[in-house]
Amino acid sequence: MMSTAVEWPLKGMRVLDLSTGIAGPYCTKLLVDAGAEVIKVEDCSGDPLRRYCPDGVELEGGDSALFRHLNASKLGLRADIREAGGRELICHQACASDIVVESFAPGAMAAAGLGIHELQAHNPALSMLSISPWGGDGPWAQRPASEFTLQAATGATDHRCRPGSVPVAAGGSIGEWVAGSYAAVAAMFAFLSARRSGCGHHVDLSMFEAMLLAMTPYHDLNGQWRRDPLHRAIEVPSIEPAKDGWVGFCTITGQQWKDFCLLIGSEELAADDSYLEGFKRSRECKKLHGIIHAWTRERSVEEIVEAANLLRIPAVPVGDGKRLPEFEHLRVRKVFVDGPGGFLRPRPAYLLEKTSLRAFGESPGIGEHNEELLGGMAAAKAVRAERAAGGQQPEAAAAGTGGAVAALERKTVLPLAGLRVVDLGTFWAGPVVGSLLSDMGADVIKVESIQRPDGMRFAGAIATERMWEWSPVFAGANTGKRGITLQLDSPEGLGLLKDLIARSDVVIENFSPRVMENFGLGWEELKKLNPRLIMVRMPAFGLTGPWRDRPGFAMTVEQLSGLAWVTGYRDLPLVVRGVCDPVAGMHATFALLMALEHRRRSGEGQLVEAALLESALNIAAEQVIEYSAYGSIPGRLENRAVSIAPQGVYPCGGEGRYLALSVCSDEQWAALCRLLGDPQWTRDPELAEARGRRRRHDEIDEALCAWLSEHDLGEAEALLLDAGIPAQQLLNGHRLMPHPQLEHRHFFQVMEHAVSGTTRYPGLPMTFSGMPRALHVLPPPTLGEHNEEVLRDLLGLSRERIEELRARKVIGDRPAFL
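In this text, all values refer to a predicted model and were calculated from it rather than measured experimentally.

Definitions and cut-offs
Residues numbered from 1 in each chain as written. Predicted model: local features only at pLDDT ≥ 70, side-chain atom pairs only at ≥ 80, totals over all residues. Heavy atoms only, no water. Core = buried A, V, L, I, M, F, W, Y, C linked by side-chain atoms within 4.5 Å. Buried < 20%, exposed > 50% of the residue type's maximum accessible area, 1.4 Å probe, protein only. Helix = DSSP H or I, 4+ residues; strand = E, 2+ residues; numbered from the N terminus. Contact = heavy atoms within 4.5 Å. Pairing = 2+ DSSP bridges. 1 Å grid on protein atoms, 1.4 Å probe; cavity = no way out; pocket = protein on both sides within 12 Å on 5 of 7 lines; lining within 4 Å. Points joined across faces, edges and corners; volume = space filled by probe spheres on them. Nonpolar A, V, L, I, M, F, W, Y, C, P; charged D, E, K, R; others polar. Salt bridge = Lys/Arg side-chain N within 4 Å of Asp/Glu carboxyl O.

Once that is clear, we can look at the nonpolar core. Residues L31, L129, M188, V579, F590 and F768 are the most contacted members of the largest nonpolar core, which totals 135 residues. A per-element tally of this core places helix α8 (residues 174-197) first, with 15 residues. For F768, the residues in contact, after removing those within four places along its chain, are A186, F189, A190, H201, H202, V203 and M440. Formed by 30 residues, the second largest nonpolar core is a distinct cluster that contains V422, L533, M535 and I802.

This is the structure we're talking about:
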């Protein structure tokens, strides 16, 4: 629900946004859309995104459409941290703010006298969120990096590779959007913790760590359990040519692959079980594409999608900036809306039953609201004086838990302590929400059944006697939870689940819509059980619209949303591989926090809808915005970029070894020229700017390849980094560790699992100054591990009753079909 009403969930929150580009502004866009007052702080040159120009488009005055989208509804303040007056102005504004968001180089704010300690001296409850490529500390904190080279550092680029081709990165600056999604949730957790304790946090978010979580399906866990390296591969089938466009398929399970073979009429492929292995299909992609394309090229996209969905094979038309607003499902759900600036953009990625969101407003000019904000400086000073004198009481004191001083001394205040969550989520998107809530203090109970365990337990699992306990994605996405099993198609199991929900605050699920209704667990039934309940539903396509009951996975959503359109080779779009799942999890978590804010004020629960597709459309927003504003459809540039040149993945140091390199500024180009020996051709004035370098990219690449051939991989990387140029060896995802930056930041948490033994699990991509780094309270649960504990201690069942349920297979700890 979008409205101009004032009952926004974050009404009263004040945010000072000193960030530029995409990640920070997207974080604060989520906050401002939910009602926060966000002040965009820029120096006189402004955010460089104001001048961002899509390929082949000339901006005729004014700001870019992407900047206007990301900064809609914010206030504009001109202040420069390099000047005394600017620092004074920022300090005064921070005194009356709840959160400061910044994306300067690590240490820049502290060097300017605007570090967290200096600002908290006047406003103890203030939190600062710092976004940087590698995180604010560690041996790589100052290492040159771009979003492109960070992708290479995660191992995602090396894995995405057609046989016989160079590996390709994902397009669309996706890592920036990923970091912004995590940052918004981190900002909210810091705010909620400070409200409880009266003491703010310094939140240090690493883009690299966020991308590692979102763009690799827990490859490090896989690498711990397997000795072989991660194969370079593409999905087959995935995005295939039809008679009138491109169509996307998703065959994650063996059954989906066999059904796909029947769809295209190939009994021979269906009978060959060796093709159940995705890597073999990739290795033989040329042969398989010949068979697949002979069928798909004879049919329209609409025919193929209809036939595939009848067999429950996820299939969708492949979207781009022009086609997306034309899809009937998205029109029915009013996903794209007009706003100031005269172009289409996606509405927020979630819908709240009872809570309004802010309608999109204008983006500010540089310093547009200086006079208004300067006029309020006296009020800001008064707020500062009141806070410094201890006039602002934390919630914990008001609740009678020890008073303001005790709360301030107790630094570790988890923002969701006391919250109980029933987690019915499966695969990746739903479970990652519950895991994050557990890290922030919630008691999360994962509910499966032995008849139908979470399907992710078997996806990519290691073939052992208890293989359902050896899935990397399940393990990574389910830390911190207690796990129980309940047979939901039995009266006893369903009754126990309802009993549990009646005693809980939140239910999370990401089935297709009909599943919950078929169990009698729709929202209308659950809110009668518990009027304060918040139900978070995360279907692939939403609860309404003509596609509501279609099956869909992350790759399906990547194909439809446009993310795949800008990823891959010029003749073959490729999926990003799973990024939509954790990103959807972050948007769903943010939406849940908005519903909790509403409940805090009103006492009411509500339904939260966070469709997988709509979070993907938000991080792919640039495509629809550019077509609507300029008539431009971004294409696949492989490893090149619109505004950066040169950029690419180059062979270096032997067969199969590659270096990612990204020259992001004219200064970096000058440094590269010096490394190349300053040859005459580099002095051409046309090459002094990125646009000219793009026109002559092939010529530059030829010279780069010649230079790289004279160096081994490590030497070339070191020379480029020493010159201040982002460069990164392509990394195999199973060989991530040891890693000096991740080890310094204690990104991984080692825990003892009942089956897999001593295992390192990834943590959060941000640290909180007032919380421990190791936030997982439990390893991922084995199937039914906490049945007795939950049924006895929480629901009050006797030991005899529990044993009876086990004997009747209402509960259990081993899949019933094995």
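Continuing now.
The next point concerns the pairing of strand β26 (residues 748-753). In terms of strand pairing, β26 meets strand β27 (residues 757-762) through six bridges, oriented antiparallel. Residue pairing across strands places Q749 opposite Y761, the latter belonging to β27.

Attention shifts here to empty space enclosed by the protein. For the structure shown, the criterion picks out six cavities of 30 Å³ or more. Of the pockets and cavities examined, the largest cavity occupies roughly 150 Å³. Elements with a minimum of two residues in the lining of the largest cavity: α21 (429-439) and α27 (580-602). Sort the elements by how many residues they give to the lining of the largest cavity and α21 lands first, with four residues. When the residues that make up the lining of the largest cavity are grouped by side-chain class, the tally is nine nonpolar, five polar and one charged. Reported here for the second largest cavity is a volume of approximately 110 Å³.

This part covers the pattern of salt bridges. For the coordinates displayed, the defined rule picks out 55 salt bridges. In this structure, R799 engages E788 in a salt bridge whose closest nitrogen and oxygen atoms are separated by 2.8 Å. Of this pair, R799 sits in helix α36 (residues 799-807) while E788 sits in helix α35 (residues 787-793), placing them eleven residues apart in sequence. For R799, a relative accessible area of 52% gives the class exposed. A relative accessible area of 23% places E788 in the partly exposed class. One connected set of salt bridges, linked through shared partners, spans D137, D204, E209, R745 and R773.

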